[in-house]
Each structure stands twice: as C-alpha cells, then as structure tokens.
Amino acid sequence: MFNIILFGPPGSGKGTQSEKLIQAYGLKHLSTGDLLRSEIARQTPLGLEAKSIMDRGQLVPDEVVVGMISSALDNHPQARGFLFDGFPRTVAQSEALDKLLRLKNTEIGVVLALEVGEEELVNRLLNRGLTSGRSDDTNESVIRARITEYRNKTSVVAEHYDKSGKVVKVPGEGTVDEIFRSLCSEIDRRLS
Ligand code: AP5
Ligand code: MG
C-alpha cells in the first residue's frame with residue numbers, strides 16, 4: 001500500500017492534481033472538503049454544523065474530520081493506497097491519521113507539498129467562485145481567512161512529516177500537466 005498526502009494552501013491545485021493522480025496510480029481519493037460538501041448537499045446534521053464554519057473560512061473541528069476519514073478508511077479495505085487531499089490540516093489530525101494507518105499496518109509514503117504564491121491563490125479561487133457555486137470562493141475576505149487558517153494551523157503539519165523526511169516541495173505554478181509530471185516523478189522515485 002502506498003499512501004500520499006497532497007499538501008498545500010487553498011487553491012494550490014490539490015483537487016485538480018488528485019483527479020489525475022488517482023487515475024495514474026489507482027489510489028482512493030479522500031478529500032475532507034468533498035466529504036463535507038457532500039454532507040452539506042444531503043443536509044445532514046453534520047453538514048448543517050459544518051456549513052457555517054466553512055462559510056467563514058475556518059476549520060471544522062478535528063474530531064469531525066477524523067471521524068469521516070476513519071470511516072472512509074474502513075469502507076475501502078481493498079484500496080491499493082489512499083490519496084489524502086485537504087487532510088490532515090492540524091497537528092492533531094496528522095497524529096490521528098498516523099494512528100489510524102498504523103492500525104492498518106501502513107503509513108504515509110510521501111507528502112507532496114504544492115507551493116503557490118498568495119496572490120495567485122486568491123486569483124484562482126475568485127475566478128473559480130464565478131462558476132463553482134462554492135460559497136467560500138465568492139468573497140475575497142473569506143478566501144484570505146482560509147489562507148490565514150492554513151498559515152496558522154496547517155503549515156505546521158509539514159514540519160510534523162518533515163521529521164521523518166517525507167516532505168517534498170513541488171512548485172505549484174505552471175500548467176496543470178507540468179505540475180502533474182513533477183508530482184509523478186517524485187512518486188515514481190519512491191515507488192521504485
Ligand atoms: P477544501 O475543500 O479542502 O478546500 P481548500 O483547501 O480551501 O482548497 P481548494 O479545494 O479550494 O483548493 P485546491 O488546492 O483543491 O485547488 P483546486 O485544484 O481546486 O476545504 C474547504 C473547507 O472545508 C475548509 O475551509 C474547512 O472549513 C473545511 N475542511 C476541509 N478539510 C478540513 C480538515 N481536514 N479539517 C478542518 N476543516 C476542513 O484549484 C483551485 C482553482 O485553481 C481551480 O479553479 C482550478 O481549476 C485552478 N487551477 C488548478 N491548477 C492550476 C494551475 N496549475 N494553473 C492555474 N489554475 C489552476
Ligand atoms: Mg480542493
């Protein structure tokens with residue numbers, strides 16, 4: 001089993017690259033943002049609670065997302081590996097993930113960290129907001145709040161995995177295909 005964390009700030013291209021990587025490597029895509037938006041669409045109690053937090057650009061509580069990831073791991077016992085997108089986002093989430101993977105006799109193989117400048121992030125998200133229907137993309141102050149949450153709570157997650165030498169920084173500006181090729185070469189180096 002080979003498990004990847006695709007890491008990076010809001011708008012850095014995690015979702016875009018995940019779609020291509022899961023095809024190329026036969027991984028199961030686990031995006032906590034997508035899981036939360038599906039709860040919102042189904043108007044579950046969890047979705048209703050999460051929506052107001054997401055609309056402010058803040059992180060939902062650790063226990064909520066860890067619970068979703070734990071069930072998703074249990075629901076896919078045959079997976080060849082998992083691609084985590086937008087998770088873990090706090091040190092507590094990364095510790096919980098390590099524990100869940102250990103119970104399944106596996107671990108994180110690599111953390112691929114996409115690097116994109118802040119103005120490019122804001123432009124990409126405002127642009128997507130014109131068509132995506134994502135309420136957290138329409139307002140620049142909410143987009144900036146998401147980036148601030150990333151700086152304050154999420155960027156330290158890279159340090160957690162850097163201790164075991166698992167983090168690789170990948171430039172996230174350029175064409176989608178160029179970035180995809182860089183990500184693949186980092187994965188291939190570790191698989192061979
Ligand atoms: P989440 O859904 O994870 O959103 P995010 O991290 O804010 O990031 P995005 O999904 O907006 O960006 P992305 O990096 O996937 O980029 P994308 O490929 O879409 O989280 C949403 C909210 O849910 C959070 O704010 C939080 O409230 C909650 N949440 C989720 N997970 C949580 C967790 N673990 N803990 C607590 N709370 C959690 O690309 C963005 C745009 O750029 C697209 O339009 C795309 O077409 C474009 N683009 C992509 N690549 C390029 C390129 N190379 N050049 C130009 N444009 C590009
Ligand atoms: Mg995304």
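For the structure, see preceding data.
Residues numbered from 1 in each chain as written. Chains lettered and ligands numbered in written order. Predicted model: local features only at pLDDT ≥ 70, side-chain atom pairs only at ≥ 80, totals over all residues. Heavy atoms only, no water.

## Focus on the side chain of Gln-93
Here's step 1: Along the chain, Gln-93 falls in helix H5 (residues 91-103).
Here's step 2: Leave out the neighbours within four places in its chain, and Gln-93 touches Asp-62, Val-65, Val-66, Phe-87 and Pro-88. (Helix = DSSP H or I, 4+ residues; strand = E, 2+ residues; numbered from the N terminus. Contact = heavy atoms within 4.5 Å.)

## Some thoughts on the nonpolar core
Here's step 1: One finds Phe-84 and Leu-97 to be the most contacted residues of the largest nonpolar core, which totals 30 residues.
Here's step 2: Residue assignment for this core shows that the elements contributing at least two residues are strand S1 (3-7), helix H3 (45-55), helix H4 (62-75), strand S3 (82-85), H5, strand S4 (108-115) and helix H7 (140-162).
Here's step 3: When neighbours within four sequence positions are excluded, Leu-97 is seen to be in contact with Ile-5, Ile-69, Phe-84, Phe-87, Pro-88, Ile-108 and Tyr-161.
Here's step 4: Ranked by size, the runner-up nonpolar core spans 18 residues in total, among them Ile-22, Leu-83, Val-168 and Leu-183. (Core = buried A, V, L, I, M, F, W, Y, C linked by side-chain atoms within 4.5 Å. Buried < 20%, exposed > 50% of the residue type's maximum accessible area, 1.4 Å probe, protein only.)

## Regarding the pattern of salt bridges
Here's step 1: For the structure on display, the rule yields 18 salt bridges.
Here's step 2: A salt bridge links Arg-144 to Glu-118, with the shortest nitrogen-to-oxygen separation between them at 3.0 Å. Placement of the pair is Arg-144 in helix H7 and Glu-118 in helix H6 (residues 118-129), with a sequence separation of 26 residues.
Here's step 3: According to the relative accessible area criterion, Glu-118 is partly exposed, its value standing at 25%.
Here's step 4: Between Arg-189 and Glu-186 there is a salt bridge, and its shortest N-O distance comes to 3.1 Å. Placement of the pair is Arg-189 and Glu-186 together in helix H8 (residues 176-191), with a separation of three residues, close to one helical turn.
Here's step 5: For Arg-189, a relative accessible area of 54% corresponds to the exposed category.
Here's step 6: With a relative accessible area of 14%, Glu-186 lands in the buried category.
Here's step 7: Here the salt bridges share partners, and the residues they tie into one network are Glu-118, Glu-119, Glu-140, Arg-144 and Arg-151. (Salt bridge = Lys/Arg side-chain N within 4 Å of Asp/Glu carboxyl O.)

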